[in-house]
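Examination of the molecular architecture
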Amino acid sequence: KVRVGHHSQVQGALIGRQVRLAHDATFAGQVARHLDLSAGSGAGGAKRVADGLGELPQGFELLGNYPNPFNPSTALRYALSDLSEVRLTLYNSLGQQIRVLVKEVQSAGHYEVVWDGLDERGWPAASGLYFYQLKAGPRVAMGKMLLVR
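Thresholds applied
Residues numbered from 1 in each chain as written. Predicted model: local features only at pLDDT ≥ 70, side-chain atom pairs only at ≥ 80, totals over all residues. Heavy atoms only, no water. Helix = DSSP H or I, 4+ residues; strand = E, 2+ residues; numbered from the N terminus. Contact = heavy atoms within 4.5 Å. Areas by Shrake-Rupley, 256 points an atom, 1.4 Å probe, with all protein chains shown as cover. pLDDT = per-residue confidence, 0-100. Pairing = 2+ DSSP bridges. Axes fitted to C-alpha atoms, helices over the stretch in contact; angles between N-to-C directions. Core = buried A, V, L, I, M, F, W, Y, C linked by side-chain atoms within 4.5 Å. Buried < 20%, exposed > 50% of the residue type's maximum accessible area, 1.4 Å probe, protein only.

With that settled, the discussion passes to the overall build of the protein chain. Secondary structure summary: the protein chain contains zero helices and 13 strands in total. For the protein chain, the α and β elements follow one another from N to C terminus as β-β-β-β-β-β-β-β-β-β-β-β-β. Sequence separation of at least 24 residues holds for 49% of the intrachain contacts in the protein chain that already meet a minimum separation of 6. A total of about 8700 Å² of accessible surface is found on the protein chain, and carbon and sulfur atoms cover 50% of it.

Rendered as structure tokens:
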């Protein structure tokens, strides 16, 4: 376990199964607000990918999904310019939440998560239009995709 106390400053890497940053602790230039970076604390699923240049993104960006339309799976890509609490949620055309793909704190970088076309219960989603919403801190972006079975 790694704990960083109030008003502490940390540079470099923290390694541990559980990392907890107290209110107003500074990590990599970002002020934490009770962020829990525990391994396995979220939905997981997202993997960090290389951008080809090795540079960090300059901003928050939802890069879409590919392929679109798709069957049976599609990859959703996004970029973060700073440490953020991230949530990537899927909705059907009625606005009903069908699955949370990512729910975790992530550092700056490019990410990709694959949706396998299954809902939270593991059942295949029906053909149709789906929306995905990416929240990273106060920022929000949405996209749409078409599942064709």
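Here we come to the confidence of the model for the protein chain. Averaged over all residues, the pLDDT of the protein chain equals 81, while 67% of them reach at least 70. Segment residues 29–42 is flagged for pLDDT under 50; beyond a separation of four residues in sequence, or across chains, it makes 37 contacts in the model.

Attention now moves to the pairing of strand β13 (residues 139–147). With nine bridges connecting them, strand β12 (residues 128–136) and β13 associate as antiparallel partners. Each bridged residue has a counterpart across the sheet, and for Gln-133 the counterpart in β13 is Met-142. Hairpin connection between β12 and β13: a loop of two residues separates the two successive antiparallel strands, and Gly-137 in this loop has a positive phi of roughly 65°.

Let's shift gears to unusual backbone geometry. A cis amide bond, omega 5°, links Asn-68 with the succeeding residue Pro-69. Structurally, Pro-69 can be placed in the loop between β7 (61–66) and β8 (74–80). The omega torsion across Asn-71 and Pro-72 is 5°, close enough to zero to call that bond cis. Along the chain, Pro-72 falls in the loop between β7 and β8.

Spatially, the four strands line up as an open sheet ordered β6-β11-β8-β7, and their pairing is antiparallel. Only two strands of the sheet have a single partner each, and these edge strands are β6 (47–49) and β7. Looking at each pair of strands side by side, their axes are set apart by 30° on average, direction ignored. Relative to strand β11 (residues 109–115), β8 runs antiparallel, the two being bridged by seven bridges.

One finds Leu-76, Tyr-78, Leu-88, Leu-101, Val-102, Trp-115 and Met-145 to be the most contacted residues of the largest nonpolar core, which totals 23 residues. Among the elements of the structure, β8, β9 (84–92), β10 (97–106), β11, β12 and β13 are those that each provide at least two residues to this core. No other element matches the four residues that β12 contributes to this core. If near-sequence neighbours (up to four positions away) are discounted, Leu-76 is found in contact with Gly-64, Asn-65, Leu-88, Leu-101, Tyr-111, Glu-112, Val-113, Trp-115, Tyr-132 and Met-145.

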